[in-house]
Amino acid sequence: MTELSQRARAEIDTAARYGTSNYNPMPLVLVEGKGAWVTDVDGKRYLDAVSAFSATNFGHANEQFIEVAIGQMRKLELTSRSVHAEGFGKFAEAITKLSGMDRVLMMNTGAEANETAIKAARKWGYKVKGIPENQAKIIAMHGNFHGRTTTIMSFSDDENARDGFGPFTPGFELVNYNDIEALEAAIDDNTAAVILEPIQGEGGVIVPDEGYLKAVRELTRERNVLMICDEVQTGMGRTGTTFRFQAEEILPDLVTVAKSLSAGLVPVSAVLGSNEVMAVFTPGTHGSTFGGNPVAVALATAVCEELATGKWQQQNQELHPVLFDGLRALVGRGLTDVRGAGLWVGVDIDPAIGTAPDVVNDLIERGVLIKNTRPQSIRIALPIIANREEIELLVREMTAVIEARWAAREQ
Ligand SMILES: *Cc1c(COP(=O)(O)O)cnc(C)c1O
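Let me begin by describing the structure that accompanies this report. What you see is a predicted model, and the numbers here were worked out from it, not measured in a lab.

**A word on the overall build of the protein**
Here is step 1: Each helix and strand counted, the protein has 14 helices and 15 strands in total.
Here is step 2: In summary, the protein has a C-alpha radius of gyration of 22 Å against a globular reference of 22 Å for 411 residues, a match within 12%.
Here is step 3: Projected onto its principal axes, the C-alpha positions of the protein cover 65 × 55 × 45 Å.
Here is step 4: When each of the 411 residues of the protein is scored for burial, the buried share is 53%.
Here is step 5: Taking the intrachain contacts of the protein between residues at least 6 apart in sequence as the baseline, contacts between residues at least 24 apart amount to 71%.
Here is step 6: Across the protein, the 39 positively charged side chains and the 54 negatively charged ones have centroids separated by 3 Å.

So this is what it looks like as structure tokens:
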């Protein structure tokens, strides 16, 4: 990377001195964003293909959502949930209609939404299905990412993320993703639920075979097991449908959403569920001080209204080939695989041309902000408001980087 300016150096050094190293950020200090672009302290602009891991799907500094947030902050920012705040009903109606689910419960982060879904599934298991007390099992997938709480780490297979944080919460079992037989074999009488990402995001945009989600839905229904779709990253228009489960025309029992539910302005998450499952929550059984706060609700309502037009999903589907086919052309010439949906693509780097971080560095030099998820995988998540020119720019820059590395590789 190019040499750091004094201003960038100062920020990085002070953060390193007083902050905690639970992340390892690239040496890049951003100060501004607009649409699909961000600007660093030295005025250099980057096309943002990270989109805060899909939280800023509607781009940066989106006036429409800023107005909503500021307007609501001026009016009423936070009440306790011991009273009603006007607007929640309208949001609840909007998101249930958008998803086809019956009910919603609001939290703040993706991890909290998943914790909530786990609690709902367990309680449903005991109170409705009749699983003996403390015996409920939830099946999750190898390669999953559902958040960072101790219970969620209990069913992660990322050893780096787990090391030193035990003892873990019992009651989880892992099976291979995209393997319906493995799932079938793992289900027993005490199985309350299966939790999965419809496309594994942190895993590197792993798209299961067509029909897999439908098969999971049929199997879980047959065996009286809940299906929980973690749509924290795939949801809210990211993949070309509002929710990814809609691509296979199924309806899960529980769906979690977060990230771009507030267009990236404040942390907001939600659990969507069926009447039967959500009925397990009665007053006092679950909650959060900021869960369902008026600012979050106002923003999430605005996002739902925007997605209800269908405009972004359609644009996303139309532009998908520009991104996907553009990158696919590099398979066999520096990339080993390209997969994805909508404006969300995972690419694998041929080790012959280097590692994913090498390619990421080259692209950042050239003004494309991008991040690897695994040592040889890069996830590209342009905001869903990105236009054709911006997508073409990304393909052009990626092509230049990969071709240069391909030409220079050791034969
Ligand atoms: C990001 C993510 C989460 C965790 O969300 P946080 O808001 O960081 O807690 C959970 N599930 C998936 C699929 C995610 O991508």
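Having seen it, we continue.
**Looking at the sheet that holds strand β12 (residues 344-349)**
Two modes of strand pairing occur in sheets, parallel and antiparallel, and in both the strands are linked by backbone hydrogen bonds.
Here is step 1: Spatially, the four strands line up as an open sheet ordered β11-β12-β15-β14, and their pairing is antiparallel. Looking at which strands have only one partner, the edges of the open sheet turn out to be β11 (335-341) and β14 (371-374). Strand-to-strand twist of the sheet, defined as the mean angle between neighbouring strand axes without regard to direction, takes the value 30 degrees.
Here is step 2: Of the strand pairs in this sheet, β11 and β12 are connected by six bridges, and their pairing is antiparallel. Bridged to A341 within β12 is W344.
Here is step 3: Along the sheet, helix α13 (residues 356-365) contacts β12, β14 and β15 (377-381); its crossing angle with β14, the most-contacted strand, is approximately 170 degrees.

**Looking at helix α9 (residues 212-222)**
Here is step 1: All buried positions along α9 are accounted for by Y212, L213, V216, R217, L219 and T220.
Here is step 2: Those residues of α9 that are buried are in contact with β5 (137-141), α8 (180-186), β7 (191-196) and β8 (226-230).
Here is step 3: Of the residues trailing α9, N224 is marked for its positive phi of about 55 degrees.

**A look at the nonpolar core**
As a rule of thumb, nonpolar side chains are buried together in soluble globular proteins.
Here is step 1: In terms of nonpolar packing, the biggest core is built from 49 residues, with F58, F91, L183, L196, M236 and L261 touching the most fellow members.
Here is step 2: Structurally, this core is a two-domain feature, drawing no fewer than three residues from each of domain 1 (6-61 + 311-410) and domain 2 (76-308).
Here is step 3: With sequence-adjacent residues up to four places away left out, F58 is seen in contact with F65, A263, V303, E306, L307, W312, I384 and I385.
Here is step 4: V360, L363, L393 and L394 belong to the second largest nonpolar core, which has 40 residues in total.

**Some remarks on the site of the ligand**
Here is step 1: All residues in the neighbourhood of the ligand are listed as T109, G110, A111, N114, F145, H146, G147, E197, D230, V232, Q233 and K259.
Here is step 2: A111 is positioned with one of its backbone polar atoms (N or O) 2.8 Å from an oxygen atom of the ligand.
Here is step 3: The dominant element in the shell around the ligand, judged by the number of residues it contributes, is helix α5 (residues 110-129), at three residues.
Here is step 4: Each residue belonging to the shell around the ligand can be placed in one class, and the counts come to three nonpolar, six polar and three charged.

Conventions adopted
- Residues numbered from 1 in each chain as written.
- Predicted model: local features only at pLDDT ≥ 70, side-chain atom pairs only at ≥ 80, totals over all residues.
- Heavy atoms only, no water.
- Helix = DSSP H or I, 4+ residues; strand = E, 2+ residues; numbered from the N terminus.
- Rg over C-alpha atoms; globule rule 2.2 N^0.38 Å.
- Buried < 20%, exposed > 50% of the residue type's maximum accessible area, 1.4 Å probe, protein only.
- Contact = heavy atoms within 4.5 Å.
- Lys, Arg positive; Asp, Glu negative; His and termini not counted.
- Charge placed at Lys NZ, Arg CZ, Asp CG, Glu CD.
- Pairing = 2+ DSSP bridges.
- Axes fitted to C-alpha atoms, helices over the stretch in contact; angles between N-to-C directions.
- Core = buried A, V, L, I, M, F, W, Y, C linked by side-chain atoms within 4.5 Å.
- Domains from an automatic or database assignment.
- Near = heavy atom within 4 Å.
- Polar contact = N/O pair within 3.5 Å; in protein donor to acceptor, adjacent residues only side chain to side chain.
- Nonpolar A, V, L, I, M, F, W, Y, C, P; charged D, E, K, R; others polar.

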